[in-house]
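As a plain string of letters, each chain reads:
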Amino acid sequence: MSGWNLSVRYIKGVGQKRAEILQKVGIENFFDLLYYFPRRYEDRNQIGKISQAAPGENVTVRAEVLTAGQKNGYRGKRIFTVAVNDGTGILFATFFNQPYLQDTFKPGKEVMFFGRLEIYKGKRQMIHPAFEIIGGPESGPGETGRIVALYRVPEGLSQRSFHQIIWTALEKTGDYPKEVVPFSIRENLNLGNLRYALQNIHFPVSFVDLKKAREYLIFEEFFLLTAAMLKRRMQTALSVAKKNVGEGLRPLPNFIPRFQTLLPFSLSESQQTALGEIIADLQQPFPMQRLLTGEVGSGKTAVAAGAIFYAILSGGQTALLAPTEILAEQHFLTFQRIFARVGYEVALLVNAVAKKDKDRIKKEVAAGKISLVIGTHSLLSEKLNFTALSLAVIDEEHKFGVNQRDLLGEKGKGVHVLLMSATPIPRTLALTLYGGLSLSSLSERGQRKVATYLFRKDEREVAYRLFDTLLQQGKTGYIVTSRLKKSEDLVGARPLFEEISGRFPHWNPVLIYGGLSLPEKEKAIAGFSGGKYKILVATSVVEVGLDLPEANLLMVEDAERFGLSQLHQMRGRIGRKFQDALCLIIGDLESGIGGERLNLFASIDQGQQLAED
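Residues numbered from 1 in each chain as written. Predicted model: local features only at pLDDT ≥ 70, side-chain atom pairs only at ≥ 80, totals over all residues. Heavy atoms only, no water.

### So, the nonpolar core
Our working rule: We define a nonpolar core as any set of buried Ala, Val, Leu, Ile, Met, Phe, Trp, Tyr and Cys residues linked to one another through side-chain atoms lying within 4.5 Å. Only protein chains enter the calculation, and the probe is 1.4 Å; a residue is then buried if its accessible area is under 20% of its type maximum, exposed if over 50%, and partly exposed in between. Every helix listed is a DSSP run of H or I at least four residues long, and every strand listed is a run of E at least two residues long, numbered separately from the N terminus.
Of all hydrophobic cores here, the largest spans 52 residues; its most connected members are Tyr464, Phe467, Ile479 and Trp507. Among the elements that take part in this core, strand S23 (residues 581–587) stands out by supplying six residues, more than any other. Ala305, Ala307, Ala328 and Val346 belong to the second largest nonpolar core, which has 45 residues in total.

Laid out in structure tokens, this is it:
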């Protein structure tokens, strides 16, 4: 079958209903499906003995079916149980409401099970294990006896059915897209090819093949990105050659000393260097595209303030785009303090601002009366117009897409763009390395000492006892979860807050999450800063925007659910006064790539190094 733009509904076993389910995770065609990569892998290759498997251990066993039958259970549930023997012991596999399995498990058949082995009433058992009938019809990839990819599947599809869909798509896809990486480069780097890479990213033969598949796909992404950025840069150069896009801002003598008078601290050497690089760009007759990186505490905001001050003094308007309302509000308060001495009005434009105030701000921005407007996605609205926008600053740039950044830049002629990030992601590094962006980096101001410790999920109680001891010593901080409500075996912020309030009332916890109104968030933050609360229980809202220098503790639940950039941003929220701080990570340390990521995070405390590794 050819045509990678062909709808997935034409894959055998999908149809219109499943195609609609797949659309929920962005899968519409063959290309989307085969580039929907697993979140982790399980090694089900090693076959163990029933008698030797430890309770609580995930194990693959190969055994013969002894008996199989079903009975009525609690509240009308049908319980189907299979007894198997591998010569060393008997194992009972239990399935709920799956009576059709009666025709699958026949006495004498050989089967493979993979699951968590438990002891119940003295018997070894597995609940809903993955299984495979030995010698059965080969209709799919199998769920045991190999390295199995696990995906974030939409509700309405099981891992097993999703595996079958991808397996069928790989078998039926005849014409793969033409290789974009030249053969000479692939041969020199020993990269393999696209067919090999996609086959082994979804159904790896071995971990060596999985590693090579990932290497190919990562290189392909960088290769395409580099080509696109070089093309874009050439188009920009051509545009500049045809017409002078914008005008450079006029030189301002003794600007940095003048800006220094607005700050309550002295700019570091690296801050002055970075600001000088930005000013040189602002004076050019074509738009600046510069990335400013630096660890937490290195002073990126101060450098951005200098760039904004320069643009305003030159007669231009400026905008600062932030990914969250909390971060936008904290920037608003910071810039208000900085520019109070020179009388510049700083406006805040977020959803929480009253409509009449929004209307006033938009009107005054359009009239050129407001020199700096700070906000979230509201800044991208078509209803916000500038008289003379000359500089756009985008904080946490990796939270925004290229199209969103372009929307802000299109609100003026020749708008200069300054991007800021504490943790450059690989995409950003590629843009820097291959010429899409200019780069300025700040060295860390002061030496934060943040120790990071890892705990397995079965060591959660140990982590909480340590956390309690430190809180009783006067420390304060955050506990972060990946979601607000409990889901499956994942910790939710709301039930965790209730648990802590009952078990550790002396912690005086407060709950904060994205859905809270801005006044409620402000009340929680003010209470923490004022000493009323010792702990903020939060979702990943902590990742950006909370600047609470007194915090020196961080605990992250289900840490494998977060990316390295998110974890690094969270860790950057503590020890901001350069006091000793402690980060406790609770997660699945044996979850393949997820476990490797957590161990890497614990061993490296520099954002740039994390991104490169």
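### A closer look at the sheet that holds strand S17 (residues 438–442)
Filter applied, for reference: Any two strands with at least two DSSP bridges between them are considered paired. Each axis is a line fitted through C-alpha atoms, and for a helix only the stretch in contact is used; angles between axes span 0 to 180 degrees, taken between their N-to-C directions.
The parallel open sheet is built from seven strands, whose spatial order is S13-S14-S12-S15-S16-S11-S17. Each edge of the sheet is formed by a strand with only one pairing partner; in this case those strands are strand S13 (346–349) and S17. Strand after strand, the sheet turns through a mean of 20° between neighbouring axes, direction not considered. Two elements, strand S15 (residues 389–395) and strand S16 (residues 416–421), share five bridges in a ladder whose sense is parallel.

### Quick notes on helix H5 (residues 194–202)
To keep it simple, the criterion reads: Polar contacts, as counted here, are pairs of nitrogen or oxygen atoms within 3.5 Å of one another; within protein the pair requires one atom able to donate a hydrogen and one able to accept it, and residues that are adjacent in sequence qualify only if both atoms are side-chain atoms.
When H5 is considered as a whole, its buried residues turn out to be Leu194, Ala197, Leu198, Asn200, Ile201 and His202. The backbone nitrogen of Arg195 lies 3.3 Å from a side-chain oxygen of the residue at the head of H5, namely Asn193.

### Structural notes on the packing of helix H3 (residues 159–172) against H5
Quick reminder of the rule: Every angle not falling under 35 degrees, over 145, or within 65 to 115 is termed oblique; those three ranges are roughly parallel, roughly antiparallel and roughly perpendicular. A clockwise turn of the near helix away from the far one marks a right-handed crossing, whereas an anticlockwise turn of less than a right angle marks a left-handed crossing. Contact between two residues is taken to exist if any of their heavy atoms lie within 4.5 Å; hydrogens are not considered. Amino acids are sorted into nonpolar (Ala, Val, Leu, Ile, Met, Phe, Trp, Tyr, Cys and Pro), charged (Asp, Glu, Lys and Arg) and polar (every other residue, Gly among them).
Look at H3 against H5: their axes get within 11 Å of each other, and the N-to-C directions meet at 165°. Compared by their axis directions, H3 and H5 come out roughly antiparallel. Here the hand of the crossing between H3 and H5 comes out left-handed. In contact with Ile166, Trp167 and Leu170 of H3, H5 contributes Arg195, Leu198, Gln199 and His202. For the contact of H3 with H5, a count of residues per class yields four nonpolar, two polar and one charged.

### Some thoughts on the side chain of Asn200
Structurally, the position occupied by Asn200 is in helix H5. Side-chain polar atoms of Asn200 contact the backbone nitrogen of Val205, separated by 3.1 Å. Beyond its immediate chain neighbours, meaning those up to four positions away, Asn200 contacts Val205, Asp209, Leu210 and Ala213.

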